[in-house]
Amino acid sequence: MEFSRKIGRFRRDRAVVTLLVLAALFFAGRAWLHDHPQHNPWAPLDLRDPPGWATQRKLEALRSDPAECRAVLERSQVAFATLDPAGEGACRRDDRAVLSSVPLAPGSPPTTCAVAAGLELWLTQRLQPAAVEMLGSPIARIEHLGAYSCRRIGNGEGGRWSEHAAGNAIDIAAFVTEDGRRISVLGDWQDAAAEGRFLRRVRDDACSAFGTVLSPDYNEAHRDHLHLDQAARGFGSFCR
């Protein structure tokens, strides 16, 4: 009988210790997530935070929620303007935003808010650090080939509509550094030097900020630009 009571007390004590350990782990994990919002799936997205485990999933959620996307830009203190809807049919664009702070040339084109958010994150958290590290100079200008184009994929008369038809994509052609160097997708992609490595690095980095990233490695049609769009793909991205 005495042995049975000891066994019972041991089991109760072990259960109490286990609960205390689990509680300590819970509160420690909660405090850690509070201090690292980029890893916290429940924390509001702030594009100024370094990318973390939860960042890509939060960006993906913005593709179908323009209002929340605009709230993210405001929370992140990103300068932007919202434009009135335009177009009709398959080329109707209800979600139109223009970034004021990104050095796009010629000018900053209207895109969906999700594309704007992806550009801001890519530029500040990935592109500029890579430029300083690999090229020794920040990027002063990003040359693009446009965002909106009311057309189908491949410019054909049939088939799926391009993400450009809704302004949900942008094509990046070149980067100009503050010290005056121009790195172009057409001229430097195959280069084994720092310029080519930089282009491939920022292509890879874009994969966590956009739903689709297409480069010269994809096909001949993309030999002179990086295609970035926010097509809904469930989880993850298509990156070539």
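Scroll up for the structure.
Quantities reported herein were computed from a predicted structural model and do not represent experimental measurements.

Undergrad: Got a minute to help me understand the packing of aromatic side chains in this structure?
TA: Each aromatic ring pair is summarised here by two numbers: the centre-to-centre distance and the angle between the ring planes. As enumerated under the stated definition, the model contains 4 aromatic pairs in all. On the numbers, 5.6 Å between centres and 85° between planes, the contact of Phe175 with Phe198 is edge-to-face. With Phe175 in strand β5 (residues 169-177) and Phe198 in helix α6 (residues 194-206), this residue pair connects regions lying 23 residues apart in the sequence. Residue Phe175 is classed as buried on the basis of its relative accessible area of 0%. Judged by relative accessible area, Phe198 falls into the buried class, the value being 0%.

Undergrad: Just checking my understanding: could you explain the environment of Arg141 for this structure?
TA: Checked against the element boundaries, Arg141 lands in strand β4 (residues 139-146). The partly exposed category is assigned to Arg141, whose relative accessible area is 34%. Spatially, the C-alpha atoms of Arg141 and Pro103 are 5.1 Å apart, while their sequence positions differ by 38 residues. Those residues in contact with Arg141, other than ones at most four positions away along the chain, are Pro103, Ala105, Ala174, Phe175 and Val176. Within polar-contact distance, the side chain of Arg141 engages the side chain of Glu143 at 3.1 Å.

Scoring rules and cut-offs
Here the residue index of a chain counts from 1 through its sequence in written order. Reporting of local features is limited, given that this is a predicted model, to residues whose pLDDT is at least 70; pairs of side-chain atoms are given and counted only at 80 or more, and all residues count toward the totals for whole chains, interfaces and linings. Heavy atoms throughout the structure, all of them, feed into the side-chain values; hydrogens and water do not. A pair of aromatic rings is counted whenever rings of Phe, Tyr or Trp (Trp by its six-membered ring) have centres within 6.5 Å, and the orientation is called stacked for planes under 30 degrees apart, edge-to-face for over 60 and tilted otherwise. Helix numbers and strand numbers start at the N terminus; a helix is a DSSP run of H or I with at least 4 residues, a strand a run of E with at least 2. Each residue is placed in one exposure class: buried if its accessible area under a 1.4 Å probe, protein chains only, is under 20% of its type's maximum, exposed if it is over 50%, and partly exposed if it falls in between. Contacts are residue-level and defined by heavy atoms, with any inter-residue pair within 4.5 Å sufficient. Pairing of N or O atoms within 3.5 Å defines a polar contact, subject to two protein rules: one partner must be a possible hydrogen donor and the other a possible acceptor, and residues neighboring in sequence count only if both atoms are side-chain atoms.

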